[in-house]
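So you can see what is in the structure, the chains are spelled out below.
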Amino acid sequence: MHRSILELFHRNTTRSHENAEGDCANGHEIDEDDDKDKSGDNYASCFDDELKEGSNFDYGTMKRCKGSNCGLKSWIQMDPRLFCFLYDEQQNKCYCKVCVDNSITDTEWTSGRSPPQGGWKKDYLLRHLASREHLQALSVPISAANWEKALFTDALNSETKDDVVHLLRNVLWLIKEQLPISKAKSLHRLIESHGVSLGRRHRSKNYSWQFVAALNEPVEAENLLALKQARVHSLIVDESSDIATEKHLMMYTKYLAKTELQVKFIKLLYLDGKSDAVSLYKSIKKFYVEHQICLQSMAMITTNGSAIMMGSKGGLHVKLKVDIPWLLGQHFVVHSEALAIKDSYNEIALFQEIDGCFKAIYSYISRSTVKHSGLEEIFHVLETSTIKLAKACHFKWINRGRAIQAICKSYQTLIIYFSDMSYNDHDITAESILIKLQQPRILLAIFFLRDLLHHLDNLSIFFQERFLNPVRIPERVQSTISLLECKYLGNNILWESSFLLGIQLLESGALSRLPMARKPHGPILHKTAAKATDEIADSVKTLVRNIVDSLKEKFPDNAIIRAFRILDPDRIPSDPEKLAQYGNSETAALQNHFSDFLSCDGKDLVAEWDQMKYLIASRKGESLDEICIDLAHSDMWRKEYPNFSILSEVCMVMSASTTEPDRGFTSVNLIKNKYRNLLTSDQLDQLLRLCLEKPEDAQDYLDAAYAAWLQAEQWRLLLKEWRRGEESKTESDSTESDLDPLSDSE
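What you see is a predicted model, and the numbers here were worked out from it, not measured in a lab. (Residues numbered from 1 in each chain as written. Predicted model: local features only at pLDDT ≥ 70, side-chain atom pairs only at ≥ 80, totals over all residues. Heavy atoms only, no water.)

Caption draft 1: Here's a closer look at unusual backbone geometry. For Asn-92, which is not glycine, the phi dihedral falls at a positive 55 degrees. Look at Lys-694: it is not a glycine, yet its phi comes out positive at around 50 degrees. Locating Lys-694 in the fold gives a position in the loop between helix H34 (681-693) and helix H35 (699-739). The class of Lys-694 is partly exposed, set by a relative accessible area of 43%. (Helix = DSSP H or I, 4+ residues; strand = E, 2+ residues; numbered from the N terminus. Buried < 20%, exposed > 50% of the residue type's maximum accessible area, 1.4 Å probe, protein only.)

Shown next, in the form of structure tokens:
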């Protein structure tokens, strides 16, 4: 904020209101596009219009006064570019108010410049605006807060505030609905057609993008301020490419704000085509330095399991640990589970055959509305509810479970449908699908997968909790492993409800429906349920054994994360002898790992634990989160147990969920689609933040956005004046060199 901005605001806002009233009276709508710069400066264009339309201004008088002081006073009063000049009639001198207020060196414009011999020229004033002394005076900030207060007090009380706030609210609605910003002008006209006054200015697409930046600034500032105030936070990052193949790094943070956990989007970093570990490390560190965020307050980084991110030799986690020795690393647990199941599933021929059958059914029905309507007609005839067939996704196992569930519920209907299609339409594809579905081993394997994926889907849903804490993961994974081992890896397989339903369907003769007038190409295998069960038993055990082994491999035991479980009241033993030794080894491990992060190198951690565990034991029945929140923010606990207060906050902010990055990349694909693929990285970052945060259009928020837009508008106007002065200086220098007869010979 500079003094010159205040002068610029007082002069130009006054002129802009006068010109706006004149334009509205004449029925003109003002619409400026700053990027094209066709109409020039907003206020200068208004000045030119007034010269053309004003009947009281005499061009002859201006021409006669060109070399006199009368012309100088007219320029200063009517040309908004010369807002900072002041003419003293008594001394017959011209001063620059910016240089006088913020003068560093004594110049002729500070002490007052006398008229030149040839008379005043406007170029003299414009040259001074681009001079080194004037720019140096502009760089001096305001020392008193009254200047800034006066600027925003006048601005917020100006007549244009209500109009701009209405425009801000319209642009915010477009962002929330994920509509193009180019539609803002049409929305303004629609709102105005219903009797809402929006003024005649600031309606162009460029002003709409300025409003986007203004709406984004309060939200971004609030999130960054909360992150700076947090003692500890975790960083959640994931890398991906948008539709324009531009690589971005999605950054979220998880921190404890008073007594509430927060997961906030902070930045979408553009990677400039480089996504190696070194580039990611430099980009993250640069972001922390620019925004003055303490890098050492980071306790954990959660990301995908690629070598670039979590590589043991040169990954991002390893490079950050050089600056943060206590930094923990966590792989997205949903990715770990999906990779574990995928590796096991693809090794068995029976389940690969089932995958091929699923793809054939989905492709056959989904690609034709006629075939889809035919299937719905059979559902209607059988008086059963219509079931939508889902596509089996190879990576997201929840989708695969839903696809199998839909097939199982409509299995008998599919047999009837493909039988009719094979007989009536002589469709070879339908006949081949029918042959697959009528095989008893295929039927029983599909119904077995429904039971198996039910347990794995429950684990996946648990992994997608927003505030999932890694401390809770090992127990849940181990319980799933124990369940699978008990059901399928014992001496006898304990088949579950869906598999038993498949046996009933097989024994009921539902698979015996054949085409009426022609036989299928391949023989239909009529086998008993017992033989089919024995046939798939080995494949079932092999699949379950592979899944169990992969889960154990993908979810290794982390001693530091496991050590935080001592804060759980339900784990504390009731026996006094066991309680005396409880948690001592885990406390020593935490002290060794976080010694540089804790106060006094964590030397008092063991002593704090000897007293604190008895207090935790008295609060049995409460959750781990409740204990950690009290430790982190209770004044009594923070004074008595300062080290465990920090560690409890570390325990709370640890993250393992991929929910937020997935939601962020989904929003990126909706915002930057094939119709809006020219968005810049900054525009995409601003739109994404507003879409994810969805700020309410409360008056306080809109006032803050208006103040941010107004401040930026003054800077843009000041920069435009400086550029215009530079252009005038260049033109004057070139003109003088052309008039110099010795310039060519020299």
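Having seen the model, we can carry on.
Caption draft 2: Just the side chain of Glu-496, in detail. Relative to the helices and strands, Glu-496 is located in the loop between helix H23 (473-488) and helix H24 (497-507). Buried charge without a partner: Glu-496 forms no salt bridge, and the closest opposite charge is Lys-487, 4.6 Å away. Polar contacts involving the side chain of Glu-496 include one to the side chain of His-455, which spans 3.0 Å. Residue contacts for Glu-496: discarding those within four places in its chain leaves Asp-451, His-455, Lys-487 and Tyr-488. (Lys, Arg positive; Asp, Glu negative; His and termini not counted. Salt bridge = Lys/Arg side-chain N within 4 Å of Asp/Glu carboxyl O. Polar contact = N/O pair within 3.5 Å; in protein donor to acceptor, adjacent residues only side chain to side chain. Contact = heavy atoms within 4.5 Å.)

Caption draft 3: View of the environment of His-188. Inspection of the secondary structure puts His-188 in helix H11 (residues 184-193). In this structure His-188 comes out as buried when scored by relative accessible area, which is 0%. As for His-188 and Leu-198, which are separated by 10 residues in sequence, their C-alpha atoms are 7.4 Å apart. A distance of 3.1 Å separates a polar atom in the side chain of His-188 from a polar atom in the side chain of Asn-170.

Caption draft 4: Fine view of the pattern of salt bridges. Within the structure shown, the criterion is met by 26 salt bridges. As a salt-bridge pair, Glu-475 and Arg-571 come within 1.5 Å of each other at their nearest N and O atoms. Here Arg-571 lies in the loop between helix H26 (559-563) and helix H27 (576-581) and Glu-475 lies in helix H23, a separation of 96 residues in the sequence. Put simply, Glu-220, Lys-267, Asp-685 and Arg-689 are held in one network by salt bridges that share partners.

Caption draft 5: Just the nonpolar core, in detail. Phe-351, Tyr-411, Phe-418, Phe-448 and Phe-463 are the most contacted members of the largest nonpolar core, which has 69 residues in total. The greatest single-element share of this core, amounting to 14 residues, is contributed by helix H22 (residues 440-463). With residues near it in sequence (within four places) discarded, Phe-448 still touches Phe-351, Tyr-488, Trp-495, Phe-499, Val-540, Leu-543 and Val-544. Among the nonpolar cores identified, the runner-up in size contains 66 residues, and Ala-230, Ile-566, Leu-590 and Cys-651 belong to it. (Core = buried A, V, L, I, M, F, W, Y, C linked by side-chain atoms within 4.5 Å.)

Caption draft 6: Layout of the pairing of strand E4 (residues 247-257). Within E4, nine of the 11 residues are buried, leaving the element largely enclosed by the surrounding structure. Looking at chain direction, strand E3 (residues 233-241) and E4 are connected through nine bridges and run antiparallel. Note that in E4 the partner of Glu-239 across the bridge is Leu-249. Bridge analysis of E4 against strand E5 (residues 260-270) gives 10 bridges, and the strand direction is antiparallel. (Pairing = 2+ DSSP bridges.)

Caption draft 7: Main features of the sheet that holds E5. Sheet architecture is open: five strands sit in the order E5-E4-E3-E6-E7, paired in mixed fashion. Edge positions in the sheet fall to E5 and strand E7 (328-331), since each of these pairs with one other strand and no more. If you compare each strand with its neighbour and ignore which way they point, the axes differ by 20 degrees on average. Contacting E4 and E5, H34 runs over the sheet at an angle of about 160 degrees to E5. (Axes fitted to C-alpha atoms, helices over the stretch in contact; angles between N-to-C directions.)

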